[in-house]
Amino acid sequence: MRHLYAFISIFLLLAATAAAGSFTAEMDVDTYVDSDNANQSFADSDLLWAASVDGASNKEVYLSFVNLLGSQGIFKPEQVADATLTVDVVQVDKPGKITAYFLHGAVLDTADWYTKDDYDADVSSSSVEVDGEGSYELDVTPIIKKAVETCAEGCPYTIVLVAEDDTSVAFASNESSDGDKPDLEYSTEE
């Protein structure tokens, strides 16, 4: 009988961990890469630049997160109800659209334009129109669902911010004293 109680207790504990909840992802590395400074790393920069010229991206922001999805009881993409990435735009040289994309794996703080990994162009947020300084939210639910699908057990993932058209904007980084650092929050359903 004692074993039955232990089994039921373990089952209830597992069921509780799979219940609905809200979580904040832990940032590992934030950086950007720049085609004009292709050999340079910007992981220590106060600003994270996303820019494009004539429709081609020439600066991309990489936000690498520690994957705690499995330890939070999230093993299936359909468990993710919503996910929001909040970024603080601290400088706008040219207003325009920013889109977030999924990248499987971590980005190192030594990443540069030549060593950057390609993001998955098929998994993205909706574009957000940046028209001035301030806080912006991107619905990254498809990206977090893809992170769960790809690897719920500890594999890091990265969100890549890409500018469209002739946009050029800078976001506050983890190292910035101006503005709020990037913040990724997601919630689950039972």
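This section reports on the structure supplied with the text. (Residues numbered from 1 in each chain as written. Predicted model: local features only at pLDDT ≥ 70, side-chain atom pairs only at ≥ 80, totals over all residues. Heavy atoms only, no water.)

### A closer look at the overall build of the chain
Piece 1. Counting secondary structure elements, the chain contains 2 helices and 12 strands.
Piece 2. Of all 190 residues assigned to the chain, the portion counted as buried reaches 47%.
Piece 3. Put simply, 83% of the contacts in the chain that link residues at least 6 apart link residues at least 24 apart.
Piece 4. If you sum the accessible surface of the chain, you get close to 9,700 Å²; carbon and sulfur atoms cover 49% of it. (Helix = DSSP H or I, 4+ residues; strand = E, 2+ residues; numbered from the N terminus. Buried < 20%, exposed > 50% of the residue type's maximum accessible area, 1.4 Å probe, protein only. Contact = heavy atoms within 4.5 Å. Areas by Shrake-Rupley, 256 points an atom, 1.4 Å probe, with all protein chains shown as cover.)

### Topic: unusual backbone geometry
Glycine aside, a negative phi is what most residues show, and trans is what most peptide bonds show.
Piece 1. Of note in this structure, Asp54 is not a glycine but carries a positive phi near 55 degrees.
Piece 2. Within the secondary structure layout, Asp54 lies in the loop between β3 (47–53) and β4 (56–66).
Piece 3. Residue Asp54 is classed as exposed on the basis of its relative accessible area, which comes to 72%.
Piece 4. Phi is positive for Asp165, close to 55 degrees, though the residue is something other than glycine.
Piece 5. By secondary structure assignment, the location of Asp165 is in the loop between β10 (157–163) and β11 (168–172).

### Here we look at the state of the cysteines
Piece 1. If you walk through the whole model with that rule in mind, you get 1 disulfide.
Piece 2. Each sulfur of the disulfide joining Cys151 and Cys155 lies 2.1 Å from the other. Its S-S torsion of approximately 60 degrees makes the covalent link between Cys151 and Cys155 right-handed. (Disulfide = S-S within 2.5 Å.)

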